[in-house]
Amino acid sequence: MIYVLVLLIGIVAGLRAATPIAAISLGAYLGWLDFTGTWYSFLGSLPAVIILVLLAILELVGDQLPSTPSRKVPMQFGGRVIMGAIAGALLFPANWIIGLIIGAVGAVLGTLGGAEVRSMLAKALGRDLPAGIIEDIVAVVAALLIVYYVV
């Protein structure tokens, strides 16, 4: 089950790069994840949660701007893969290298698949904004559910 959750958190990173780390931080703060005694335990602190959630919100807003580049350009694509890898490693600390790899693979799938689905949805709706908002909601809800169900 953990492999599926790690793949899914990577897919979410492909949709919205900052959302998985913000959800992981919030999950640690709420006690859903136990990072006690680890070097990354700071993620469960209130300041980390506030900063990471604000960054995720800024990304959600920025994604709706017409000037935002495609998620498939190298800088955007690479950032999503890195964030997916980090999120995967954080959710699977017992075997963080596997988590890193699976999270990165998920991010590639989420980046490419998310772009395709959003494009089709925007075409069906006649505008990109509603498609982007739907994608935002899916990413946030999925990230929180994934983090909640990691045991």
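Use the structure listed above.
Bear in mind the structure is a predicted one, so any value in this text is a computation, not a measurement.

Chemist: Account for the environment of Ala56, naming residues and giving values.
Modeler: With respect to the helices and strands, Ala56 occurs in helix α3 (residues 46–63). For Ala56 and Gly103, which are 47 residues apart along the polypeptide, the C-alpha to C-alpha distance reads 18 Å. Once residues lying within four places of it in the same chain are set aside, the contact partners of Ala56 are Ala18, Thr19 and Ala22.

Chemist: Describe the environment of Leu91, naming the residues involved and giving the relevant values.
Modeler: Of note, Leu91 is situated in helix α4 (residues 74–91). If we ignore the near neighbours within four places in the chain, the residues touching Leu91 are Ile2, Leu5, Val6, Ile9, Ile24, Leu33, Ile146 and Val150.

Chemist: Tell me about the packing of helix α1 (residues 2–15) against helix α5 (residues 96–125), and please be specific about residues and values.
Modeler: At a minimum axis separation of 6 Å, α1 and α5 run at an interaxial angle of 45°. With respect to their mutual orientation, α1 and α5 come out oblique. As α1 runs across α5, the sense of the crossing is right-handed. For the pair α1 and α5, contact is made by Tyr3, Val6, Leu7, Gly10, Ile11, Ala13, Gly14 and Leu15 and by Ile98, Gly99, Ile102, Gly103, Val105, Gly106, Ala107, Leu109, Gly110, Thr111 and Gly114, respectively.

Chemist: So what's going on with the nonpolar core? Which residues, and what values?
Modeler: Membership of the largest hydrophobic core comes to 27 residues, with the highest contact counts inside it found for Ile9, Ile24, Leu33, Phe35 and Leu91. In this structure Ile9 touches Pro20, Ala87, Gly88, Leu91, Ala143, Ile146 and Val147, once residues within four positions along its chain are discounted. Formed by six residues, the second largest nonpolar core is a distinct cluster that contains Ala13, Phe77, Val81 and Ala85.

Chemist: So what's going on with α5? Which residues, and what values?
Modeler: At 3.6 residues per turn, the α-helix brings residues three or four places apart onto the same side. The terminal C-alpha atoms of α5 lie 40 Å apart, and with 30 residues this matches the ideal 44 Å at 1.5 Å per residue to within 8%. Among the residues of α5, those classed as buried are Gly99, Ile102, Gly103, Ala104, Gly106, Ala107, Gly110, Thr111, Gly114, Ala115, Arg118 and Ala122. Turning to α5, the residues buried within the fold contact α1, α3, α4 and α6 (128–149). Following α5 by one or two positions, Gly126 adopts a phi angle in the positive range, close to 85°.

Chemist: Just give me the short version of the pattern of salt bridges, but keep the residues and values in it.
Modeler: Counted by the stated rule, this structure contains seven salt bridges. A salt bridge links Arg16 to Glu135, with the shortest nitrogen-to-oxygen separation between them at 3.2 Å. Of this pair, Arg16 sits in the loop between α1 and α2 (19–30) while Glu135 sits in helix α6, and the two are 119 residues apart along the sequence. Grouping residues by exposure puts Arg16 and Glu135 together as buried. Glu135 is the salt-bridge partner of Arg118, the closest N and O atoms lying 3.2 Å from each other. Of this pair, Arg118 sits in helix α5 while Glu135 is found in helix α6, placing the two residues 17 residues apart along the sequence. Here the two residues Arg118 and Glu135 agree in accessibility, since each one is buried.

Definitions and limits used
- Residues numbered from 1 in each chain as written.
- Predicted model: local features only at pLDDT ≥ 70, side-chain atom pairs only at ≥ 80, totals over all residues.
- Heavy atoms only, no water.
- Helix = DSSP H or I, 4+ residues; strand = E, 2+ residues; numbered from the N terminus.
- Contact = heavy atoms within 4.5 Å.
- Axes fitted to C-alpha atoms, helices over the stretch in contact; angles between N-to-C directions.
- Parallel < 35°, antiparallel > 145°, perpendicular 65-115°, else oblique.
- Left-handed = near helix turned anticlockwise from the far one by under 90°.
- Core = buried A, V, L, I, M, F, W, Y, C linked by side-chain atoms within 4.5 Å.
- Buried < 20%, exposed > 50% of the residue type's maximum accessible area, 1.4 Å probe, protein only.
- Expected span 1.5 Å × (residues − 1).
- Salt bridge = Lys/Arg side-chain N within 4 Å of Asp/Glu carboxyl O.

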